[in-house]
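Each chain is listed here by its residues.
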Amino acid sequence: MTLSRRQFLGATATAAGAVALSSLRSESAEAIADANPFDRAMRWGQLAFVENDPGRYDPQFWLDYFARTHCDAVTLSAGGVVAFYPTRVPFHRRSAWMKEGMDPFGELASACRQRGLVVLARVDPHAVYDDARAAHPEWIAFDDKGQPRRHWANPEMWVTCGLGPRNFEHMTEVVREIAGRYDVQGIFANRWAGSGPCYCETCRRNFKAAAGKDLPGPSLDDPARRDYILWRRQRLRELWDVWDAAIRDVRPGARFIPNGPPGLDSAARADFLAVDHQARRGLTPPWDFGRSAKQYRAVMGTKPLAGLFSVGVEEPYRWKDSVQAGPEIRLWALDGIANGFRPWFAKFSGVLYDRRWLATVEDLYAWHYRNERYLRNEAPLARVALVYSEQTRDFYGKDAAESRVDDHLKGLYHALVEARVPFEMVNDLLLDAAHVDGFKLLVLPNVAALSEAQCAALGQYVDRGGSLVATFETSLYDEAGVPRKEFGLRDVLGVSFDGQVDRRMQNSYLALDAEARRTHPLLAGLEDAPRIINSVQRVRVRPRGEFPSPITLVPSYPDLPMEHVFPRVEATDERQVYLREKGRSRIVYFPGDLDRTFWEVMSPDHGRLLANAVRWAAGEEPPVTVAGPGLLDVTVWRQKDSLTVHLVNLTNAMAMKGPVREFVPVGPMTVRLRLPAGARARRVQLLAAGTTPKVEESDGAVTVVIPSVRDHEVVAVDL
Ligand SMILES: [Zn+2]
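All values reported here derive from a predicted model rather than from experimental measurement.

Further remarks concern the overall build of the chain. A tally of regular secondary structure across the chain gives 19 helices and 30 strands. Since a compact globule built from 719 residues should have a radius of gyration of about 27 Å, the 27 Å found for the chain is in line with a globular shape. Along the first, second and third principal axes, the C-alpha set of the chain runs to 85 × 65 × 50 Å. For the chain, buried positions account for 60% of its 719 residues. Working note: accessible area of the chain is about 28,300 Å², and carbon and sulfur atoms make up 51% of it.

Set out below in structure tokens:
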């Protein structure tokens, strides 16, 4: 996939070369489709039963709705906490509303199969009742004080251990029974991985045997903490294998589908996953569903991936029976689709208390169905990728992962969205040539914890002509989160660690060099700004060679009393950006936490600087450029015989704190899309407007003007 994309867009690719590679890739895509029962399913629906649904809800309504939304696949509740079929497994409690002879799961599943839908059976093993606890105390999770855990939301129930016999034995019987008795293509387990750390006897014994240590206490500095995190993931991968084998044993071809893989990198084991990111709340940015699509695709490549969104409210007070405003649901789902998710709506309760969501999802899905051939993406065409590091989050970020890790990523992510630079994500455990060489530029937003091998892989990427943008403490810690004396990437960045990190710089500024403001692309748009605000933190470094000095430090000075607010030092020669050119590579290192400060303060100067750094380091014409007003998430894709550009219009008074109440149309937007070498555009359509725009074709690119974008638009170019 990466090779073909590179060949596809690469300046040296010949038309013949591109054709040969494209036919190769089609063959492999067909092979995947044959082997993968989930590949054909483009639209998903989920009905999660509540215990009193049997006999009260209307199955025909749901069958009609699945048809009206053109769902290819559905997920239906079968068992776990409550069984919705006549189970024979002990302590698998049947719904109290299920009368003798009823089989609500089986009847709905069978009707869906008759209509040709893929069916996943949903189970949820995370809680049991008193009778199960009395007979099997070893199924229950224990807290760090050695007490069995009552369910936090339901005092009738007990929380179960995810890593012991409840899951490995009892639930294995349950999934085997479901897969053996019903024509399902897989079993989807919700809350399957336990509910936080468990201190039961099984966990104590197994961890001791595996790691030679006691379970870690609540301290984040407990030396056993990292061992525990890694062991727990390993145990869950074993559980995945046990359930998958039990399912395939009785129904070959069916799969276990976990809700949430143990460690993002283990998503690579799945033929299909659904990413559960139901809705936003609080200050979740409007592009965050798309972000999770990028993050999972970085591991799963072109395998089918669904984005599970809820029509409900996603707040700590739950309100599971209510629904979101239509525009909010729609915009959230659209951003996921634009970033490569297949939509999967989730509704709890077969009896509806608020029906307003129905038309929203039906309308979106009908559009998706009509335009399916342009949504079956084969490869993203972005040339820039943000590196995501789960180990940096776990072992460097710890309990402050949000501010120390996520906020850096969010700052860079938002800067790229604002700048309309199409980009992908790369997982830091997958830095081999096959995963990174399709990109001209990797961006490392404070990817602090990197092993020697990971640093070496990044160095080799640069040696092969790749470019890097890195910020703050990138590579200053090893993979376990232990501080280094020197940057792991010292040779690539060209700087040495000076031994100090300033954690709060009050009232500090960046001086922008007058000559560089006139000439250097890094400072484009800042021509009139001799001084802008600095970031809040900085790593002190020493250059290991010659560097230009477009940006230098104005050190902190008093900010009160007002009479004292004047710089004690007007200028220094301490650089706050390090720019290098090395062969075909360009490297930018910001010693400050510019990305995190951008996310906190949202200074447009910082956003511009980050975007300029990315454009300069990429050093090539981007695959697509979009001109016009507004905040838009721009993605660019190739399908079998076409290219698409998605524009998701995030311009909204409620963009940065939802829910969105209405759409705010923007336009006109001018979109210029580079075509593959030698290709011509046979036809260009706007898939949301349903119109054919006027097209200009020149210099191997098509340019179209979109008069107005309401919530989204897709420019589809048939090749
Ligand atoms: Zn346990």
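Right, picking up where we left off after that structure.
So, about the coordination of the zinc ion. Each donor-metal-donor angle would ideally measure 109.5 degrees in four-coordinate tetrahedral geometry, or 90 or 180 degrees in six-coordinate octahedral geometry. Taken together, C161 (SG), C198 (SG), C200 (SG) and C203 (SG) make up the full set of protein donors to the zinc ion, lying 2.3 Å away. Note that the zinc ion binds 4 donor atoms; their angles at the metal cover 102 to 117 degrees, and the shape is tetrahedral. In the primary structure, the donors to the zinc ion are separated according to the pattern C-x36-C-x1-C-x2-C. Considered together, C198 and C203 belong to a single accessibility category, that of buried residues.

Below, the discussion takes up the sheet that holds strand β8 (residues 273-276). If you trace the 8 strands from one edge of the open sheet to the other, you get β7-β6-β3-β2-β1-β10-β9-β8, paired in parallel fashion. Looking at the sheet topology across the chains shown, the edges are occupied by β7 (255-258) and β8. If you compare each strand with its neighbour and ignore which way they point, the axes differ by 30 degrees on average. In terms of strand pairing, strand β6 (residues 186-189) meets β7 through 4 bridges, oriented parallel. In the strand pairing of β7, A189 is matched with P258. This element, helix α3 (residues 59-68), spans β1 (44-48), β2 (73-80) and β10 (342-348) of the sheet and lies at about 160 degrees to β10.

Two descriptors summarise a pair of aromatic rings, namely the distance from one centre to the other and the angle between the planes of the rings. The full count for this structure, using the stated rule, is 39 aromatic pairs. Ring geometry for F38 versus F272: centroids 4.9 Å apart, planes at 20 degrees, classification stacked. You can see F38 sitting in the loop between α2 (15-35) and β1 and its partner F272 sitting in the loop between β7 and β8, a full 234 residues away along the chain. Between F345 and W357 the ring centres are 5.6 Å apart and the planes differ by 50 degrees, which places this aromatic pair in the tilted class. With F345 in strand β10 and W357 in helix α11 (residues 357-370), this residue pair connects regions lying 12 residues apart in the sequence. Of the two residues examined, F345 and W357, each falls in the buried class.

Negative phi values dominate among residues other than glycine, just as trans dominates among peptide bonds. In this model, L560 is joined to P561 through a cis peptide bond whose omega is -15 degrees. Counting through the fold element by element, P561 comes out in the loop between β20 (551-554) and β21 (578-582). Looking along the chain, the bond that leaves G667 and enters P668 is cis, with omega of -5 degrees. Note on placement: P668 falls in the loop between β25 (642-649) and β26 (669-674). Within the chain, K398 stands out as a residue other than glycine whose phi angle is a positive 50 degrees. As for its position among the elements, K398 is in the loop between α12 (390-397) and α13 (401-419). For K398, a relative accessible area of 28% puts it in the partly exposed group.

With respect to the helices, strands and loops of the structure, D428 is situated in the loop between β13 (423-427) and α14 (433-436). This buried residue, D428, is left without a salt bridge; R233 holds the nearest opposite charge, at 9.2 Å. Separated by 2.8 Å, the side chains of D428 and S389 make a polar contact.

So, on to the nonpolar core. Judged by nonpolar contacts, the single largest core of 161 residues is most densely connected at F105 and W357. Beyond its immediate stretch of four places on either side in the chain, F105 contacts F49, L76, S77, A78, F84, Y85, A121, I178, Y182 and V184. Counting 37 residues, the second largest nonpolar core, distinct from the first, contains V436, V447, C455 and V501.

With respect to the helices and strands, S292 occurs in helix α9 (residues 288-300). Once you skip the residues sitting within four places of it in the chain, S292 turns out to touch V275, H277 and F341.

Turning next to the packing of α3 against helix α4 (residues 104-114). Axis separation between α3 and α4 bottoms out at 11 Å; the angle between their running directions is 30 degrees. It follows from the interaxial angle that α3 and α4 lie roughly parallel. When the axes of α3 and α4 are compared, the crossing they make is right-handed. In this structure, α3 contributes P59, L63 and F66 to the contact, and α4 contributes L108, A111 and C112. By residue class, the composition of the contact of α3 with α4 is 6 nonpolar, no polar and no charged.

On to the pattern of salt bridges. If you walk through the whole model with that rule in mind, you get 50 salt bridges. R710 is paired through a salt bridge with D711; the nearest N and O atoms lie 2.9 Å apart. Its relative accessible area of 43% is what places R710 among the partly exposed residues. Of the residues examined, D711 reaches a relative accessible area of 3% and is grouped as buried. A network of salt bridges, in which partner residues are shared, links D39, R43, D72, R342, E372 and R376.

Moving on to the sheet that holds strand β29 (residues 701-706). Overall, antiparallel pairing links the 4 strands, which are arranged β23-β26-β29-β28 in an open sheet. Edge positions in the sheet fall to β23 (624-627) and β28 (695-698), since each of these pairs with one other strand and no more. With strand direction ignored, the average angle separating the axes of adjacent strands in the sheet is 15 degrees. Bridge count between β23 and β26: 4 bridges; the pairing is antiparallel. Bridged to T625 within β26 is R672.

In this section: the pairing of strand β9 (residues 305-310). Counting buried residues in β9 gives 6 out of 6 residues, a clear majority hidden from the surface. Examined bridge by bridge, β8 and β9 share 4 bridges and lie parallel to one another. In the strand pairing of β9, V275 is matched with G307. Where the polypeptide runs from β8 across α9 and back to β9, its parallel neighbour, the crossover connection is right-handed. Sheet analysis places β9 next to β10, joined by 5 bridges and oriented parallel. Paired with S310 across the two strands is A346, which belongs to β10. Traced from β9 through helix α10 (residues 326-338) to β10, the parallel crossover comes out right-handed.

Rules and cut-offs
Residues numbered from 1 in each chain as written. Predicted model: local features only at pLDDT ≥ 70, side-chain atom pairs only at ≥ 80, totals over all residues. Heavy atoms only, no water. Helix = DSSP H or I, 4+ residues; strand = E, 2+ residues; numbered from the N terminus. Rg over C-alpha atoms; globule rule 2.2 N^0.38 Å. Buried < 20%, exposed > 50% of the residue type's maximum accessible area, 1.4 Å probe, protein only. Areas by Shrake-Rupley, 256 points an atom, 1.4 Å probe, with all protein chains shown as cover. Donors = N, O, S within 2.8 Å, 3.2 Å for Na, K, Ca; no water. Tetrahedral: all angles 85-135°; square planar, octahedral: opposite > 155°, others 65-115°. Pairing = 2+ DSSP bridges. Axes fitted to C-alpha atoms, helices over the stretch in contact; angles between N-to-C directions. Contact = heavy atoms within 4.5 Å. Phe/Tyr/Trp six-rings, centres within 6.5 Å; stacked < 30°, edge-to-face > 60°. Lys, Arg positive; Asp, Glu negative; His and termini not counted. Salt bridge = Lys/Arg side-chain N within 4 Å of Asp/Glu carboxyl O. Polar contact = N/O pair within 3.5 Å; in protein donor to acceptor, adjacent residues only side chain to side chain. Core = buried A, V, L, I, M, F, W, Y, C linked by side-chain atoms within 4.5 Å. Parallel < 35°, antiparallel > 145°, perpendicular 65-115°, else oblique. Left-handed = near helix turned anticlockwise from the far one by under 90°. Nonpolar A, V, L, I, M, F, W, Y, C, P; charged D, E, K, R; others polar. Right-handed = clockwise from strand over helix to strand, strands pointing away.

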